[in-house]
Amino acid sequence: MTLLTRVRGDLAARNVKSTLEGGDERVIEIVRLYEEPVLPTRAERPRGPRGFVVDIGRTTETVLGELKSAGTFVGSLSAEALTSLRRPWSVNWREVAPLSERMGADAVPIILLINFMVGIITALNSVSQLRMYGANIFVADIVSLGMTRELAPLITAIVVCGRSGAAIAAELGSMRVSEELDALQVMGLSPVRYLVFPRLMALVIVVPMLTIASAAVGIVGGALVAKAQLDVGYASFVHEMQTIAKPWDMVSGLIKSVAYALTIGIIACQQGFAASGGASGVGRRATSTVVATLFALMILNSGFTWIFRSMD
Amino acid sequence: MDSVVATKHLSIGWSADEVLLKDIEFEVKRGEIFAILGASGCGKSTLLRTLIGLSRPLAGEVLIEGRRYPDERVEKPIFGVVFQSGALFGSLTVGENVALPLIEWTRLPRPVITDMACAKLRLVGLEESAEKLPAELSGGMRKRAALARAMALEPSLVFLDEPTTGLDPIMAAEIDELILKLNQALGVTVVMVTHQISSLRRLAHRCMMLDPEAKDIIAEGTPDDVARSDDERVRAFFESDRPS
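Residues numbered from 1 in each chain as written. Chains lettered and ligands numbered in written order. Predicted model: local features only at pLDDT ≥ 70, side-chain atom pairs only at ≥ 80, totals over all residues. Heavy atoms only, no water.

1. Re the nonpolar core
Of all hydrophobic cores here, the largest spans 94 residues; its most connected members are Phe237 of chain A together with Leu47 and Phe159 of chain B. Looking at which element gives the most residues to this core, the answer is helix α8 (residues 191-230) of chain A, with 17 residues. Setting aside its immediate chain neighbours within four residues, Phe237 of chain A contacts Ile137, Val139, Ala140, Val143, Ile219, Gly222, Ala223, Ala226 and Val232 of chain A. Of all hydrophobic cores here, the second largest spans 49 residues; its members include Ile33, Leu121, Ala130 and Phe237 of chain B. (Core = buried A, V, L, I, M, F, W, Y, C linked by side-chain atoms within 4.5 Å. Buried < 20%, exposed > 50% of the residue type's maximum accessible area, 1.4 Å probe, protein only. Helix = DSSP H or I, 4+ residues; strand = E, 2+ residues; numbered from the N terminus. Contact = heavy atoms within 4.5 Å.)

2. Quick notes on the interface of chain A and chain B
Contacts between chain A and chain B engage 17 residues on the former and 23 residues on the latter. Roughly 1,700 Å² is buried in total at the junction of chain A and chain B, and carbon and sulfur atoms are behind 52% of that figure. For chain A, the biggest contributors to the area lost against chain B are Glu179, Val186 and Met187 of chain A; these three give 36% of the whole. Applying the counting rule to chain A against chain B returns two salt bridges. Residues Arg94 of chain A and Glu104 of chain B are paired through a salt bridge, measuring 2.8 Å at the closest nitrogen-oxygen approach. At the surface where chain A touches chain B, the tally comes to five residue pairs in polar contact (both at pLDDT 80 or more). Per element, the largest residue contribution to the side of chain A that touches chain B is six residues, and it comes from helix α7 (residues 180-186) of chain A. Of the residues assigned to the side of chain A that touches chain B, the class counts are seven nonpolar, three polar and seven charged. (Buried area = accessible area lost by both parts, 1.4 Å probe. Salt bridge = Lys/Arg side-chain N within 4 Å of Asp/Glu carboxyl O. Polar contact = N/O pair within 3.5 Å; in protein donor to acceptor, adjacent residues only side chain to side chain. Nonpolar A, V, L, I, M, F, W, Y, C, P; charged D, E, K, R; others polar.)

3. Quick notes on the pattern of salt bridges
Residue and element names in this part refer to chain B. Scanning all chains against the criterion turns up 22 salt bridges over all chains. Ionic pairing is found between Arg30 and Asp2, a salt bridge with its closest N-O pair at 3.0 Å. Of this pair, Arg30 sits in the loop between β3 (27-29) and β4 (33-37) while Asp2 sits in the segment before β1 (3-15), and the two are 28 residues apart along the sequence. Classification of Arg30 by relative accessible area gives partly exposed; the value is 29%. With its nearest N and O atoms 3.3 Å apart, the salt bridge here joins Arg122 to Glu127. On the accessibility criterion, Glu127 (34% relative accessible area) is partly exposed.

4. Quick look at the side chain of Glu180 of chain A
Locating Glu180 of chain A in the fold gives a position in helix α7. One buried charged side chain, Glu180 of chain A, makes no salt bridge at all; its nearest oppositely charged neighbour is Arg149 of chain B, positioned 7.0 Å away. (Lys, Arg positive; Asp, Glu negative; His and termini not counted.)

Printed below as a string of structure tokens:
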């Protein structure tokens, strides 16, 4: 049947007339059915030219579209924040506690384990160089400054992004495609105040707390390595740490962690709200959330480190 | 009868180049069931989204209870909506779904709200399912729960987006009965989008038919009047439902 319709189609394209003769009436009817023109659909659009330059143009257009959408989202967040300041009861604060538990308490084991390992790895990587120069005690400096200023905030944010950021995007994305966000809106409830602000608040509460715990276990990991590999006693380790690490080091780490929490929350919520196209669209947005957040975290970290070091 | 929903020179679509409906005007009278008909892609659902304020029109305006909507939006919802998928909140039980508008918009004590939510569920025959999650419900039950939620604040106007699509004929008839009950017993004005002729004939006092080619209303009146239209497109639509 395919061959027959294809041949007749090719002949018709060359303006050659063909007729079906002698066949069974039922078969002829089926051939005619296959030859009926397919109705045009809205999705069918003429494909443009392909090429390197065109691809760059299309990618730029997509990126600019995403940036515009993110800008619009941040704008609407600001407007809703002002409304929330005037009417704080309009925010769904009830959700903050269960969300904090889900994003924070449930994530404690994995985050502590990872940061403990990071503390160990950081110390282990310094062992041979420090031993070479007889500067064993400085392992406390490396681990304590590294964990409080850089590693604990960043590693914690990366784990929260992979765990909670993707989950937020998927949850809100599913709500978008199943019309739940529309239902909220027609009920007179702002999706931003009802869904976004509680998530941002929960992240802003739990990420700094996780960061403090992460820095602590990282330092413990470093102290264990210092004792086992460099013969640095725990008392000496703590004494050296107290000498070198200032409260500002932890405060700067906490400032970073708040900024990271907001970044994770805003990107995840924006991606979730922008989801379309069913389950695959939701999956794409969850992936985009992780990629975009990691990129933003690295840029933010560079900026913060540059600013804080210039303040030293 | 005064008008509850009206449009003035309303144009809707995706952009100026992709207009779905151009310069349409119609009104829905208080207490009637008004159906919006048309083939797939003619803009029925987009029109409904525009009426309920989820999409902005390209031009013209929507008036609800004589007020421009959503520009002069009052905070408390003035109508209920049942979406095509039901759009129940998956993380809440059926009872919590129905109670949500009451929690947000009334200052009633929680036991009173629970009783009111139960009463709404009783209205749609779902009292036993109050503790279930939406995922545990059948398609018809989900639509009924969505109807109960739409009625939670006892609005005088309800919008329904294809309320019986995807349901078997028995369940569709049950939903139709519920809509009739809301209209007749509670005096609720209903605006529904449908392409099911059986529901239309059973429920609608008046209807209008949209056409994607004309980008306009091509017929308006009672279902019988519209079915008798001379317009071939309208007759083809109505004849498509006839058993062969």
